[in-house]
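Listed here are the chains, written in short residue letters.
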Amino acid sequence: MSFVTTLFVWVSSAAQPQVHYTVDIDPLGNYLKVTLTATELEGTQTMLKLPVWAPGYYLIMDYPKHIVDFEACTDSRSLRWEKVGKSGWLVQHGDAPSMTVTYRVFANAQSVADAKVTTERAFIPGNGVYMYIDNHKELPVTVTFILPPEWAAISTGLDPVPGEKNTYIAKDFDTLYDSPVLMGNHRTKFFDLEGKSYEMAVETPENMEETSFTEDLKKIISAATAMMGNIPYDHYCFLFLGPGGGGLEHKNSQASFGISFRGRDRTAYLSLLSFVTHEYFHLYNVKTIRPIELGPFDYDREVFTSGLWISEGFTSYYEGLLLRRAGIITNDEALRKHNAPIQSIENAQGKLHMSLRQSSYDIWLHFFNRSANGDTRISYYTKGQTIGLLTDLAIRQATQNIRSLDDVMRSLYYDFHIAQGRGFTEEEYWAVCATVAGGPISEIREYVETVKEIDYVKYFDYAGIDIDTNNLQMSFRSDKQCSPLQLSIRNAIF
């Protein structure tokens, strides 16, 4: 048995191509049969492209390898076509202003960046499914999903079209690719918060109602949005997927595997909340606050950036801050959360061989790569988190705790994303830090660009925190041993 999903692209100008998709889901064969109908075509030939990677997943996925049975026709007449490279299909349609293309997509890989169809559900990230007309990623896209009769739920961050059943709109293909869809019989839960609507789609909801998860999630959202002062969506969807691992951030949603509420003690529960917080804060840090290389996206090849230590590392740092500000974790738990990456960094040989900046730039070589020279590398997650902490401490110390890393993040958001519609360069990032701190933070930059040994004692003293350099264990000094400035900085972070 097969079922049909219909996708339409509407455009306001008759001079632009108009594209319509139908996706026929084969849950038994794990295939998607895609029919693409394009009208108002320009010229005599049209190049169709399929991305080879998904933003946030720094690995060439080679999605075209899943494409089979490609055909093109117009008015029941077959059209000539040829493959161009690994991700292009050039169709010759002559003077015909329209064409219909069909192909099948094998959808049986499980990750947050892969489509997978089973008899029970379909998870569809768009990158490996929808071809776009080359140089026309800006076309608005409307998607209608027709679910199998036995499926009751469809969840996505896309905005629904009023009055149209199971129909959603994306302003362009970047948004379509950034909006995964989950269809099946998963549990859904809805809530409103501060004028915005939220959906939780949960594949393994058992025991969820016995926890404070929903209320904790609301506190995390409020802490993040209060810090940034702007909520860049009307609707946000949490796709909490079943067994597996990994999460991927999106502007209007997150998709995370391994979300389970069974048998979780406090440590495991806080780990779950940290995971969700991380992916949520990414809607600011990397989706909108981003290194300039990360958008508009080139889907044909690797996109190198040296700034992932900000995008991922600072997001890891804000996990602890947001959980603390939300009143979910204690001071001691916050301290341990910031202590753990330091132990990871200092107990590994990679700190002697690879700079933080280089770890970001070279991730395309090392993502999921467990090669023998792993000891020579560092993680921009862990060291980036620590640099986030040190940067925050340095700015607070320099400004008498009047300003902080929060001000840096807000400046990058409003001055570049909002005001200019772009990301920031490396030099612009360091200039913002200097402006906020009242002067360059040159030593922090050395820690990023070289393998210089970090002076933890110096920076932690700003917050009245000691660190045993032998076992790398952090501890709070007594209040009596701290100055008012140290206490105010410590209370702001921990």
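Residues numbered from 1 in each chain as written. Predicted model: local features only at pLDDT ≥ 70, side-chain atom pairs only at ≥ 80, totals over all residues. Heavy atoms only, no water.

**Q** It is not clear to me how the side chain of aspartate 216 should be interpreted in this structure. Could you clarify?
**A** By the element assignment, aspartate 216 lies in helix 2 (residues 213–228). Although aspartate 216 is buried, it forms no salt bridge, and the closest oppositely charged side chain is lysine 219 at an N-O distance of 4.0 Å. Polar side-chain contacts of aspartate 216 include one of 2.6 Å to the side chain of tyrosine 269. Each residue touching aspartate 216, except ones within four places of it in the same chain, is listed here: Tyr269, Leu273 and Ile328. (Helix = DSSP H or I, 4+ residues; strand = E, 2+ residues; numbered from the N terminus. Buried < 20%, exposed > 50% of the residue type's maximum accessible area, 1.4 Å probe, protein only. Lys, Arg positive; Asp, Glu negative; His and termini not counted. Salt bridge = Lys/Arg side-chain N within 4 Å of Asp/Glu carboxyl O. Polar contact = N/O pair within 3.5 Å; in protein donor to acceptor, adjacent residues only side chain to side chain. Contact = heavy atoms within 4.5 Å.)

**Q** Would you take a moment to explain helix 13 (residues 484–493) for this structure?
**A** Since the α-helix advances by 3.6 residues per turn, residues separated by three or four positions end up pointing in the same direction. Three or more residues of helix 13 are buried, namely Leu485, Gln486, Ile489, Arg490 and Ile493. Buried residues of helix 13, viewed axially, fall in a sector of 130 degrees; they line one side. Opposite the buried face of helix 13, by more than 90 degrees, sit the exposed residues Pro484 and Asn491. (Arc of directions from axis to C-beta.)

**Q** Is there a simple way to explain the pattern of salt bridges in this structure?
**A** Under the defined criterion, the tally for this structure stands at 25 salt bridges. As a salt-bridge pair, glutamate 215 and lysine 218 come within 3.4 Å of each other at their nearest N and O atoms. Here the residue glutamate 215 and the residue lysine 218 both occupy positions in helix 2, the gap between them amounting to 3 residues, near one helical turn. Using a relative accessible area of 21% as the deciding quantity, one classes lysine 218 as partly exposed. The closest approach of N and O atoms between lysine 337 and glutamate 319, which form a salt bridge, is 3.0 Å. Linking lysine 337 in helix 5 (residues 331–346) with glutamate 319 in helix 4 (residues 308–325), this pair joins segments that are 18 residues apart in sequence. Overall, lysine 337 belongs to the partly exposed group, its relative accessible area being 22%. Judged by relative accessible area, which is 10%, glutamate 319 ranks as buried.

**Q** Help me understand unusual backbone geometry, please; the structure alone is not making it clear to me.
**A** With the exception of glycine, the majority of residues adopt a negative phi angle, and the majority of peptide bonds are in the trans configuration. Across the junction of glycine 295 and proline 296, the peptide omega takes the value -10 degrees, indicating a cis bond. Structurally, proline 296 can be placed in the loop between helix 3 (266–281) and helix 4. Even without a glycine there, the phi angle at asparagine 30 is positive, about 60 degrees. Structurally, asparagine 30 is set in the loop between strand 2 (18–26) and strand 3 (31–39).

**Q** Looking at this model, I keep getting lost on the pairing of strand 3. Mind explaining?
**A** Every other side chain in a regular strand lies on the same face of the sheet, so the side chains alternate between the two faces. The pairing of strand 2 with strand 3 spans 9 bridges and is classified as antiparallel. By the bridge assignment, valine 23 is partnered in strand 3 with valine 34. Between strand 2 and strand 3, which follow one another and run antiparallel, lie 4 residues, and asparagine 30 among them has a positive phi close to 60 degrees. Two strands pair when backbone bridges link them, and strand 3 and strand 9 (residues 99–106) are joined in this way by 8 bridges, in the antiparallel orientation. Looking at strand 9, one finds that threonine 35 is bridged to threonine 102. (Pairing = 2+ DSSP bridges.)

**Q** Which parts of the structure should I look at to understand the packing of helix 5 against helix 8 (residues 382–398)?
**A** What describes two packed helices is the angle between their axes and the distance between those same axes. Viewed as axis vectors pointing N to C, helix 5 and helix 8 meet at an angle of 125 degrees, and their least axial separation amounts to 9 Å. Relative to helix 8, helix 5 is oriented oblique. Here helix 5 runs over helix 8; the crossing is left-handed. Contacts between helix 5 and helix 8 involve Lys337, His338, Pro341, Ile342, Ser344 and Ile345 on the former and, on the latter, Thr382, Lys383, Gln385, Thr386 and Leu389. The residue makeup of the contact of helix 5 with helix 8, split by class, is 4 nonpolar, 5 polar and 2 charged. (Axes fitted to C-alpha atoms, helices over the stretch in contact; angles between N-to-C directions. Parallel < 35°, antiparallel > 145°, perpendicular 65-115°, else oblique. Left-handed = near helix turned anticlockwise from the far one by under 90°. Nonpolar A, V, L, I, M, F, W, Y, C, P; charged D, E, K, R; others polar.)

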